[in-house]
Amino acid sequence: MFCESLLKCIHMNQTYVFLKLADFNPLPAARKHWWDLAQNELAAALNVRDNTNVAKNIVFFLGDGMGITASTAARIYKGQLKGMHGEEGFLAWERFPNMGLLKTYNVDRQVPDSAATATAYLCGVKTNYYTLGVDPEVTLGDCAAARNTIYHTPSILQWAQEAGKHTGVVTTTRITHATPAATYAHSAHRNWECDGKLGVMGQGCKDIADQLVNGKTGKNIRVIMGGGRQMLGAGLDPQDPDLCSRDDGRNLVEEWARDKKQQGYTAEYVTDSNQLSRVHPDKTDFLLGLFNDTHLPFELDRVENKLPVPSLKEMTLTALRFLKKSQEGFFLLVEGGRIDHALHDNLPKKALGETVALDEAVEAALMELNLEDTMVIVTADHSHVMTMNGYPERGNDILGNGDMSKIDGLPYTTLMFTNGPGWKYSAEGNKVFRLDPRTEDLQSSNYQSLAAVPRGRIDETHGGEDVAIYAVGPMSHLFHRVHEQNYVAHAMAYSACIGASQGKDC
């Protein structure tokens, strides 16, 4: 492509002509603002060049449940926190030069779950609903098939380890939860997080926590941070039998530490933000940080209650400082996992708070990385059924009422759900009435938005539409259209010259 002062651009045997403002009569101020905005964006687009370097490092950010509606609403929320209208702003990844869309369906489901989607984008194979790190030959609950290693799907993290790279996993969920588990585990059921959850169906299979500590891939992860102490038999509070319990009586944290010592490594296990701040990456080979017995608290609760739990940003920066020691490079998965949980409970403010926390982690990471040799990806595994609706005025509070119904004379919030626990209807005979949202505190982090179809607590469903993927760094132009979700792992492997999909010139 050849351009002269943005006036004439010759590309693929076609000629495009761009006119300067000077070629027109002076524009009114209101029009000039949008004209200048578009011209600046056009100039930036024309300066984009593909980076064909090998990706020495890959940092993969996953917003669990962060569909396009959630991302758009979080963009507005972020701007409004700064006193702006909000619509004009950007999340960090929305300025990446390359993006595409991913089709999220499972092999056997039109609307997916997080285990099967994680297997797709981390292992390169679409699989069945609720199964993890296995191919479609393994159906839900089929322990016998899951034990057959021929059906196990290696992950991008495993490929990185085999290439001599250091690896890390950071999440705000339990470290044995669906997304992080897909990097190291193979299971016919995502809920088999500890042996107490295997039940009769899972007898003979290794639970996910055991695979983390003693599995070939899990035991070699250099940095692990998230929640889930109870799954490893190291809970600090009395165990909740409904959550998970180690019936075998093992403390897998102690097994983890013992294994590292036997191999001659230095290892640190930390349980709060103060302990984490005292860890020296240069003097430590392995780090295990488990900051809650189950998932980490929601970001808004963490801040408001001043809990001794590190933020996603803090965990991400710590992980990067550990992994950057590797001469061969590294792979890091960072999951903002509780976006999903807030949306399941119809809690928009908490979901947006989690998304902004992910944005802060991405911004901080970009300051630490060299994009000439590091690929950074931000995507989601699936969406949710939250929608932005009505015709609110520009700059209207994204968490507030946005429009008025002419049928019942009541306002309704801009963010609502098609199903979930937030249904607030009453009936008198054949008439149904909804609760007036003006009687509720819409700014509360525990406010549940209205849902059309009633479902139980934490029971709003995923959405089935495509999700966006954003990329910057080496070979990020490989993300450029609508892709199958399992394409992601192959594109990453090709970019980094690792795994089965590495390029022929590696």
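Keep in mind that what you see is a predicted model, and the values were worked out from it rather than measured.

Colleague: Help me understand the sheet that holds strand S16 (residues 415-420), please; the structure alone is not making it clear to me.
Modeller: Backbone hydrogen bonds are what pair the strands of a sheet, in a parallel or an antiparallel way. Within the open sheet, the three strands sit side by side as S13-S16-S19. Their pairing is mixed. Lying at the two open borders of the sheet, with one neighbouring strand each, are strand S13 (386-388) and strand S19 (451-454). Between one strand and the next, the sheet's axes are offset by a mean angle of 20°, whatever the strand orientation. As paired strands, S16 and S19 are joined by three bridges and run parallel to one another. Counterpart to Phe417 in the pairing with S19 is Ala451.

Colleague: Looking at this structure, I do not really get the nonpolar core. What am I missing?
Modeller: Nonpolar side chains tend toward joint burial in soluble globular proteins. Of all hydrophobic cores here, the largest spans 113 residues; its most connected members are Phe61 and Phe331. Filtering out sequence-adjacent residues up to four positions away, Phe61 remains in contact with Thr316, Val334, Leu358, Ala361, Val362, Ala365, Val376, Ile377, Val378 and Thr379. Val134, Val138, Ala145 and Cys205 belong to the second-largest nonpolar core, a separate cluster that totals nine residues.

Colleague: What am I meant to see in the side chain of Thr318 here?
Modeller: Among the structural elements, Thr318 can be located in helix H11 (residues 312-323). Apart from the residues within four sequence positions on either side, Thr318 is in contact with Met225, Leu276 and Leu287.

Colleague: Can you help me understand the state of the cysteines in this one?
Modeller: Cysteine pairs can be covalently joined through their sulfur atoms, and such a bond is termed a disulfide. Tallied over the full model, the rule gives three disulfides. Disulfide partner of Cys143: Cys205, at an S-S distance of 2.1 Å. Between Cys143 and Cys205 the sulfur-sulfur dihedral comes to about 125°; the bridge is accordingly right-handed. Placement of Cys143 in helix H4 (residues 143-147) and of Cys205 in the loop between helix H6 (178-181) and helix H7 (208-214) is noted, with a sequence separation of 62 residues between them. For the residue pair Cys143 and Cys205, the accessibility class agrees, reading buried in each case. Listing the disulfide partners of the protein chain by sequence rank of the bonded cysteines yields 1-3, 2-4, 5-6. Free cysteine Cys123: the closest other cysteine sulfur is in Cys205, separated by 17 Å.

Colleague: Explain the UniProt feature "binding site: Zn(2+)" (unreviewed entry) in the protein chain here, please?
Modeller: UniProt records the feature "binding site: Zn(2+)" (unreviewed entry) for Asp64, Asp340, Asp381, His382 and His462 in the present numbering. The largest pairwise C-alpha distance within this set of annotated residues, which runs over 399 residues, is 10.5 Å, so the set is compact in three dimensions. Within the secondary structure, Asp64 is located in the loop between strand S4 (57-63) and helix H2 (68-81). Overall, the relative accessible area of 2% leaves Asp64 in the buried class. In contact with Asp64, other than residues within four places in its own chain, are Ser114, Thr179, Glu335, Gly336, Gly337, Ile339, Asp340, Asp381 and His382.

Colleague: How do you make sense of the UniProt feature "active site" (unreviewed entry) in the protein chain when you look at a structure like this?
Modeller: Taking the numbering used here, the UniProt-annotated feature "active site" (unreviewed entry) corresponds to Ser114. Inspection of the secondary structure assignment puts Ser114 in helix H3 (residues 114-123). Accessibility expressed as a relative area gives 3% for Ser114, which makes it buried. For Ser114, the residues in contact, after removing those within four places along its chain, are Asp64, Ala178, Arg190, Asp381, His382 and His462.

Parameters and conventions
- Residues numbered from 1 in each chain as written.
- Predicted model: local features only at pLDDT ≥ 70, side-chain atom pairs only at ≥ 80, totals over all residues.
- Heavy atoms only, no water.
- Pairing = 2+ DSSP bridges.
- Helix = DSSP H or I, 4+ residues; strand = E, 2+ residues; numbered from the N terminus.
- Axes fitted to C-alpha atoms, helices over the stretch in contact; angles between N-to-C directions.
- Core = buried A, V, L, I, M, F, W, Y, C linked by side-chain atoms within 4.5 Å.
- Buried < 20%, exposed > 50% of the residue type's maximum accessible area, 1.4 Å probe, protein only.
- Contact = heavy atoms within 4.5 Å.
- Disulfide = S-S within 2.5 Å.
- UniProt positions renumbered as here; feature names shortened; annotations may be inferred.

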